[in-house]
Structure formats: structure tokens, C-alpha cells
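Given next are the chains, with one letter for each unit.
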Amino acid sequence: MTKHIFVTGGVVSSLGKGLTAASIGMLLEHRGLRVRLQKFDPYINVDPGTMDPYQHGEVYVLDDGTETDLDLGHYERFTNAPLTRDCNFTTGRIYESVIRKERKGAYKGQTVQVIPHVTDEIKAAVRKLAADDVDVVITEIGGTVGDIEGLPFLEAIRQFALDVGKHNCLYIHLTLIPYLKAAGEAKTKPTQHSVERLRQIGIQPDILICRTERELSKEATDKIALFCNVEPRAVIEERDKTFSIYEVPISLVENHLDELIVEKLGLRAQPLDMNGWRTLVQRIINPVHETTIAVVGKYIKHQDAYKSIYEALDHAGIALATRVVVRRVEAEEVEREGAERVLGGVDGILVPGGFNYRGVGGKIEAIRYAREKHVPFFGICLGLQCAVIEFARNVIGLEDADSTEMNPRCGHPVVCLLDAQFAITELGGTMRLGSWPCQLVEGSRVRAVYGSGLVKERHRHRYEFNNQYRQQFAAHGMAFTGTTPDGKLVEMIELPEHPWFVAVQCHPEFRSKPTQVHPLFRGFVEASLKRREARKKAEAARSRAAVSTT
Ligand code: GLN
């Protein structure tokens, strides 16, 4: 029988519930258990696909094309659990389904209500992941306990224990223990209140995970346990991490979280072996090399707008024993100040995906700089489209080249909509989404780093390279090194004469893991590292020459 873990959060948002849920999944997998993870988001949007990254951070895309919350990225990076459409539900999606049933008459004349109809729909979504080959389903409830929108979800998970038996369910609540400098004390009251809210709803947490800046004293732990009605050993400290999010599972193990879960759910599990993971974390803490990469984008100020890209760069760092210093560059700053001023001194330039024209000028300037100065360049999605526009304008001489997304009436639409996209009028879920196969050209750089001729990558875009220009581009030195297997859609381009100028229409960042870096990120960071080393050597030679002439 599949067991269930429900992860809720209290006190404040952004506590890292997703990371904690992912870490729990990882620990259980390391104990030989088969896990599945899912997240419920209480907002009304049917999915985050139409939301501004400033509101919500990155939209994470699954193989099956579902546009999801970025916490699912953590799930994929930390575990091997397969993720599908059944792994992310919003209030909007739950209601959409209830209303569709109501219109079909499925409720046979009943008054349709939050309890039981909406809660039944939520419970059915949890049950979708339970199966013979699944030991534990971990369900994270987005938002904070006390939010009005979250209530139906909490009610549903309360009922769930009645349906499947309390011994098959575990409630884990993540809270914050703030440290008040003036009082010289860790404060437990917000946690007490948040647990009180949960208990009013009828949920008694079994385990409390407490985010804290400083070590929790025995006194504080005992107090939390007493007031929140949990065992003292089930009050788990999760201290802020200094180096990396990949330290989280280790600190949870040190506080015996895996043992507690296995015991409380009566699971049959193997002993834990975290040696591989500990080595990985040591590589993060003690890098040998360093390189600086500029990410030139439009949502730079939002911490999480390019989450998976920052993570994938870190994964390359882990593989290459390198500290990858990311310089987040606002594309409009490049427009204002010029590329040399903003990007001088970086070892690599990455232009990520995006929508609309704001900042595109700066991205194009950054790409021109990378191309002309031989700085390693990696373009992703809109990054490829900008590279195409830059090449058309500055190499081929098509001054009026553009994407029809930015300028529908441009003279040379080198990036445009295909017929299939023209007919679409709705915004939500209507892009080229999910995993697509890509055929790589023999002898190309991408073929070499992948080590394979046919690969699969995830997509999320409407516009495509305009094939009418293919020959003209090729004649000027651009290589089309990846296409759909039928050859019809351009997926990857590169400049063979450049040390590393690779751009892709897909989003490889969604497939990178700390234990298995994506080959394109590895190749790009390796090229950046080479540039850094070459520059350092040249500088040393120059200063030696200066000394010998004086
Ligand atoms: N806006 C572009 C398109 O829709 C690129 C999208 C992206 O970068 N994800 O094709």
C-alpha cells in the first residue's frame, strides 16, 4: 500500500518547502524506496504558463509539456521520480474539472460544493500517484497555512487520512524560528500559532521542520514540542545553508529525518548511503577553478526567474570543480551602457529565454560582442532567436531583420510564426511545449558534447527560425547543427569558427541535474574556463614582459 506524506508551510512564504519536499524524496530514494512527488498551488490560474516571471519566477516545463511551478524543478534535480501532468494542480485546474463535470451533469442534480466535490477532486488528484510500484507519495501544499485559498487543500488532506488510515499518512509542517537579536533569543511563538491554525483545521503535524539561522537550543526544541504537541525528536532543525541548496538533504539526515519517516510510516527501507552526495557537496564547497558567466536577461532582478539556468550552471561547476560566478545583467543596461562596459571581463555570455521586445536590443548587442570578441556564447530559446537576428543584421547585412514577435512588419522576418501557430487565439498552453526529438549533425560541436546523434529536449515557444533564410545563413558561415528529425525545424545553431557559439531553440536547463550535468552547459562552462585560463596566462606573460623591459 502506498504511503502518503503531506508537506505544509507556516509563518512566512519562501521557506523552501519545495526544496524540503524534494530533499525528503531524495532521502527516501537513498533508502531504496520508490517515491512520487506532486505540488498543489492554491492560486486560480489553471497553470503558471500565463504568469509573469516577476510574479511567479520561472515556469518549469515537463517532458509531457505541462507548464508547472518551479518547485517541480527541485523535484527533478533531487530525485528520479517521473513527473507528469498529475504532479502539479492549481485551484484553477481543480475547479475547471469540477465545473466541466457539473456542466455534463455528472453530479446528478446535487448542489456542487467545496466539501465534498472540490475536496473529492483534490483527493482524487493525490490518489492518481498512488500505485503498486510506488512506496511513498509526497504532496506539497503551496502557500502558507492561514491563506484563504489554501483551505480546500488542507481540508482534503485532513480527510485523506480518514480514507486511507492515519497510519498511512504523515503530516510534515515547515516553519520559521526567527532569531531576535535585541532579545538574544530564538522565538517559537509564530510556529506555535501556525501549528494552532493547522490543528483548528484538524491536522496535527507529526513532524515539524524548523528553518532557523542559528542552532536551536534544547530548550527551544522542548518548548516547540510541548506547545505544538509533537515529540521533541520530531522537531527537526533545518539551518540556513552557507554554500548551496544541495546541503539541505545532508542536514536533514544529520537530524535523523529519514529514520523518523521510515519508523512513523512503518516502511521497509534499506540503510542510508549518502557518501556520493557528500562528495558532491564537498566539490561545491572546495572548487579548484573559477569562471564568470554573464546571464543577460530581462527578469534579472527576480531571484528565481531563471532558476533552472542558474542551477544548470552550478551543475557544470560541480562537474568541472569550478566556482561559476554568475553576473546577472539586465539586458537594458547593455543597451544603455554598451556591451564592452557591462560585459568586459566576463568569460562567457548566456542569453536565456524570454518573451516580447523589452531588452531584446541589449541581448542582440551582447551576442554581437560575444561573436566578435570570441567570448563563449550560449543562447537558449529567445537567445537563439536573438542570435539569428544579430547574424542577419551584422553578418549578412539584412538591416531590417527581426522576429515577427518584436516587429510583425519587418522586411526580413528571420524568426516567425509557423502556420500551426497562426490559427491559435488562446494564450494558455498553446506553445510548442514539451519534449521533442532533435537530430544532430555529424562532426558538429553539439554532436560531440552530447556523444549521440538523436537527443530529446523540452520546448516552450511559439516562434521558429524562418527556413527561407537557411541557405543565406549557411553561406555566411552559420551551421544548422540540430533539427527535428524530418529536418523541418531548426533546433540548434553554431558558428564553427568561434571557440563556443552555440544556441538552441529548446530549454536544456530543465534536464540538468547536480549528479548529471547537461552536456551543453558543461561544454559552455568548459569553454568559458578555457578563456579564463588563456587570459590569465596572457596577463602573466604581459606582466613578465613589463618587468623584463624595466
Ligand atoms: N518568445 C519566443 C517564442 O515564443 C521565445 C520563447 C522562449 O524563450 N521561451 O518563440
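Predicted model, so just to flag it, every value in this text is computed and none were measured. (Residues numbered from 1 in each chain as written. Predicted model: local features only at pLDDT ≥ 70, side-chain atom pairs only at ≥ 80, totals over all residues. Heavy atoms only, no water.)

Observations concerning helix H5 (residues 114-127)
Along an α-helix, residues three or four apart share an orientation, since each turn contains 3.6 residues.
Part 1 of the reasoning: When the terminal C-alpha atoms of H5 are compared, their 18 Å separation across 14 residues agrees well with the 20 Å that a helix rising 1.5 Å per residue should span.
Part 2 of the reasoning: By the burial criterion, the buried members of H5 are His 117, Val 118, Thr 119, Glu 121, Ile 122, Lys 123, Ala 125 and Val 126.
Part 3 of the reasoning: The inward-facing, buried residues of H5 contact strand S1 (3-9), strand S2 (35-41), strand S5 (88-90), helix H4 (91-104), strand S6 (136-141) and helix H6 (151-164). (Helix = DSSP H or I, 4+ residues; strand = E, 2+ residues; numbered from the N terminus. Expected span 1.5 Å × (residues − 1). Buried < 20%, exposed > 50% of the residue type's maximum accessible area, 1.4 Å probe, protein only. Contact = heavy atoms within 4.5 Å.)

Examining the site of the ligand
Part 1 of the reasoning: Neighbouring residues of the ligand: Gly 353, Gly 354, Phe 355, Cys 381, Leu 382, Gln 385, Glu 405, Arg 460, His 461, Arg 462, Tyr 463 and His 507.
Part 2 of the reasoning: Gly 354 places a polar main-chain atom, nitrogen or oxygen, 2.9 Å from an oxygen atom of the ligand.
Part 3 of the reasoning: In the complex, 99% of the free accessible area of the ligand, which totals 300 Å², lies under the protein chains.
Part 4 of the reasoning: Residue assignment for the shell around the ligand shows that the elements contributing at least two residues are helix H16 (382-396) and strand S19 (454-461).
Part 5 of the reasoning: In terms of residue class, the shell around the ligand is built from four nonpolar, five polar and three charged. (Near = heavy atom within 4 Å. Polar contact = N/O pair within 3.5 Å; in protein donor to acceptor, adjacent residues only side chain to side chain. Areas by Shrake-Rupley, 256 points an atom, 1.4 Å probe, with all protein chains shown as cover. Nonpolar A, V, L, I, M, F, W, Y, C, P; charged D, E, K, R; others polar.)

Digging into the packing of aromatic side chains
Part 1 of the reasoning: With the rule as written, the count across this model stands at 18 aromatic pairs.
Part 2 of the reasoning: Measuring from ring centre to ring centre gives 4.6 Å for Phe 377 and Phe 501, while their planes differ by 40°; the resulting arrangement is tilted. Taken together, the residues span a long stretch of sequence, with Phe 377 in strand S15 (residues 377-380) and Phe 501 in strand S23 (residues 501-504) at a distance of 124 residues. Each member of the pair Phe 377 and Phe 501 is classed as buried.
Part 3 of the reasoning: Geometrically, the ring pair formed by Phe 465 and Phe 473 is edge-to-face, given 5.2 Å between the ring centres and 90° between the ring planes. Of the two residues examined, Phe 465 and Phe 473, each falls in the buried class.
Part 4 of the reasoning: Here a set of aromatic residues connected by ring pairs shows up, and it is made of Tyr 54, Tyr 299, Tyr 306 and Tyr 310.
Part 5 of the reasoning: Positioned over the ring face of Tyr 179 is Arg 214, at 3.7 Å from the centre of the ring. (Phe/Tyr/Trp six-rings, centres within 6.5 Å; stacked < 30°, edge-to-face > 60°. Lys NZ or Arg CZ within 6 Å of the ring centre and 35° of its normal.)

Observations regarding unusual backbone geometry
Part 1 of the reasoning: Residue Pro 116 is reached from Ile 115 by a cis peptide bond, and omega for that bond is 10°.
Part 2 of the reasoning: The residue Pro 116 is located in helix H5 in this model.
Part 3 of the reasoning: Unusually for a residue other than glycine, Val 11 sits at a positive phi of about 80°.
Part 4 of the reasoning: Looking at where Val 11 falls in the secondary structure, it is placed in the loop between S1 and helix H1 (17-30).
Part 5 of the reasoning: The partly exposed category is assigned to Val 11, whose relative accessible area is 29%.

A closer look at the side chain of Thr 484
Part 1 of the reasoning: Inspection of the secondary structure assignment puts Thr 484 in the loop between strand S21 (479-483) and strand S22 (490-494).
Part 2 of the reasoning: Given the relative accessible area of 4%, Thr 484 is considered buried.
Part 3 of the reasoning: Only 3.4 Å separates the side chain of Thr 484 from the backbone nitrogen of Lys 488, close enough to count as a polar contact.

Overview of the environment of Tyr 60
Part 1 of the reasoning: The topology assignment puts Tyr 60 in strand S3 (residues 60-61).
Part 2 of the reasoning: Not counting residues up to four positions away in its chain, the partners in contact with Tyr 60 are Thr 66, Glu 67, Thr 68, Asp 69, Leu 70, Leu 72, Gly 73, Glu 76, Arg 77, Ser 308, Arg 458 and Phe 510.
Part 3 of the reasoning: A distance of 3.1 Å separates the side chain of Tyr 60 from the backbone oxygen of Phe 510, its partner in a polar contact.

A look at the pairing of S2
Part 1 of the reasoning: For S2, the tally of buried residues reaches seven of seven residues, placing the bulk of the element in the interior.
Part 2 of the reasoning: Of the two faces of S2, the one carrying Val 35, Leu 37, Lys 39 and Asp 41 and the one carrying Arg 36, Gln 38 and Phe 40 are both buried.
Part 3 of the reasoning: Examined bridge by bridge, S2 and S6 share six bridges and lie parallel to one another. For Phe 40, the partnering residue across the bridge sits in S6 and is Ile 141. (Pairing = 2+ DSSP bridges.)

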